[in-house]
Amino acid sequence: MLYMTTLRKTEESRHICEHRAGEELLRHALKEEYGIKVLPVIERGTYGKPYFPNCDSIYFNISHAGYMVVCAVAQTELGVDIEAVRPIKSRMPERVLTELERDWLARREDKEDSFIRLWTLKESYVKATGEGLSKDFREIEFSLSDHDLGDIACNQKGYYFFQKKVKEHVYMALCAKDTKISEEMKKMHILF
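Residues numbered from 1 in each chain as written. Predicted model: local features only at pLDDT ≥ 70, side-chain atom pairs only at ≥ 80, totals over all residues. Heavy atoms only, no water.

Would you take a moment to explain the sheet that holds strand 5 (residues 68-74) for this structure?
Pairing between the strands of a sheet is mediated by backbone hydrogen bonds and can be parallel or antiparallel. Read across the open sheet, the four strands follow the order 4-5-1-11; overall the sheet is mixed. This sheet does not close on itself; its edge strands, each paired only once, are strand 4 (59-65) and strand 11 (188-191). Shown here is a sheet whose adjacent strand axes are inclined to one another by a mean of 20°, direction ignored. In the sheet, strand 1 (residues 2-6) pairs with strand 11 via four bridges, with the strands oriented parallel. Within the sheet, the bridge partner assigned to Met4 lies in strand 11 and is Ile190. Seen against the sheet, helix 1 (residues 14-34) touches strand 1, strand 4, strand 5 and strand 11 and runs at an angle of roughly 30° to strand 5. (Pairing = 2+ DSSP bridges. Helix = DSSP H or I, 4+ residues; strand = E, 2+ residues; numbered from the N terminus. Axes fitted to C-alpha atoms, helices over the stretch in contact; angles between N-to-C directions. Contact = heavy atoms within 4.5 Å.)

Structure (structure tokens):
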């Protein structure tokens, strides 16, 4: 399941607010989905991926961008990423995209949106695997439909993807291991 919130701008550090909101979303999701009322102990894997050492059948991931926070929970390894569209640094595509992806991007009129679509998918994958930014993004290749956010093909077998435009120029991507992403899992629960 996906849970999302938008934060109000405050005097407090944005990073602290986003971290706190992510934790609150996780608490809410665990209560709603599994009846867990107290947040379990969280530890971090080799590359920093958070997990529950005492709840090995519940997986979660959190992402934030700007003042938006998203949390995903499921009974399979997963990763989620949310990003706002922004200008692309000139060398970024060659550092993180495959040749096929760079060719697709070159044909696009909406280059920033298209780049963020690819970036969020790649981020969701490395968050699902736990490799994080240690993984060379050029090893992960996506083939996207020009018109449909739902048509996503990837060279990483055993992983399934879902992408959604959650706000004007904000994209969210979800990656799940070994299980197709159900319609139920795609539902976005918005909390304020």
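From this point, things continue past the structure.
When you look at the packing of aromatic side chains in this model, what are you seeing that I'm missing?
Applying the stated criterion across every chain, the model contains five aromatic pairs. Centroid distance Phe52 to Phe60: 4.5 Å. Interplanar angle 35°. Geometry classified as tilted. A relative accessible area of 4% means that Phe52 is categorised as buried. For Phe60, a relative accessible area of 4% puts it in the buried group. Relative to Phe161, the ring of Phe142 has its centre 4.9 Å away and its plane inclined at 85°; by these criteria the two rings are edge-to-face. Taken together, the residues span a long stretch of sequence, with Phe142 in strand 7 (residues 142-144) and Phe161 in strand 9 (residues 159-167) at a distance of 19 residues. An identical accessibility class is assigned to Phe142 and Phe161; each is buried. Every member of this aromatic cluster is reached through a ring pair, and the members are Phe115, Trp119 and Phe137. (Phe/Tyr/Trp six-rings, centres within 6.5 Å; stacked < 30°, edge-to-face > 60°. Buried < 20%, exposed > 50% of the residue type's maximum accessible area, 1.4 Å probe, protein only.)

Which parts of the structure should I look at to understand the environment of Ala128?
Position of Ala128 relative to the elements: it lies in helix 4 (residues 111-129). Relative accessible area serves as the criterion here: at 3%, Ala128 is assigned to the buried category. Separated by 52 residues in the primary sequence, Ala128 and Thr76 place their C-alpha atoms 9.3 Å from one another.

I would appreciate a short explanation of the pairing of strand 5 in the present structure.
In summary, the side chains of a regular strand alternate between the two faces of the sheet. Extensive coverage of strand 5 is indicated by the burial of seven of its seven residues. The alternating pattern of strand 5 places Met68, Val70, Ala72 and Ala74 and Val69, Cys71 and Val73 on opposite faces, both of which are buried. As judged from the five bridges shared by strand 1 and strand 5, these two strands associate in the antiparallel manner. Note on strand 5: the bridge partner recorded for Thr5 is Val69. Taking the residues that link successive antiparallel strands as the turn, the strand 4-strand 5 hairpin has two residues, and the phi of Gly66 there is positive, at about 60°.

Explain the packing of helix 3 (residues 99-107) against helix 4 here, please?
When two helices pack together, their arrangement is given by the angle between their axes and by how far apart the axes lie. Here helix 3 crosses helix 4 at 150°, and the two axes come no closer than 8 Å. In terms of their interaxial angle, helix 3 and helix 4 are classed as roughly antiparallel. Judged by the twist between their axes, the crossing of helix 3 over helix 4 is right-handed. The segment helix 3 lies against helix 4, with Glu101, Trp104, Leu105 and Ala106 engaging Lys111, Ser114, Phe115, Arg117, Leu118 and Lys122. Residue composition of the contact of helix 3 with helix 4, grouped by class: five nonpolar, one polar and four charged. (Parallel < 35°, antiparallel > 145°, perpendicular 65-115°, else oblique. Left-handed = near helix turned anticlockwise from the far one by under 90°. Nonpolar A, V, L, I, M, F, W, Y, C, P; charged D, E, K, R; others polar.)

Looking at this model, I keep getting lost on the nonpolar core. Mind explaining?
Within soluble globular proteins, side chains that are nonpolar tend to cluster in buried spots. With 24 residues, the main nonpolar core has Phe115, Phe142 and Phe161 as its most contacted residues. Counting residues per element, this core draws most heavily on helix 4, at eight residues. The residues contacting Phe115, other than those within four sequence positions of it, are Ile88, Met92, Pro93, Val96, Leu97 and Leu105. By size, the runner-up hydrophobic cluster in this structure holds 19 residues, among which are Met68, Leu78, Val80 and Phe162. (Core = buried A, V, L, I, M, F, W, Y, C linked by side-chain atoms within 4.5 Å.)

Would you mind showing me how to read the sheet that holds strand 6 (residues 78-84) here?
Ordered by their spatial adjacency, three strands build an open sheet running 6-10-9, and the pairing between neighbours is antiparallel. Single-partner strands in this sheet number two, and they are strand 6 and strand 9. Neighbouring strand axes in the sheet, compared pairwise and without regard to direction, differ in orientation by 15° on average. For strand 6 and strand 10 (residues 170-177), the ladder comprises seven bridges, and the chain directions are antiparallel. Bridge assignment links Ala84 to a residue of strand 10, and that residue is Val170. Sitting on the sheet, helix 4 is in contact with strand 6, strand 9 and strand 10, with an inclination near 150° to strand 6.

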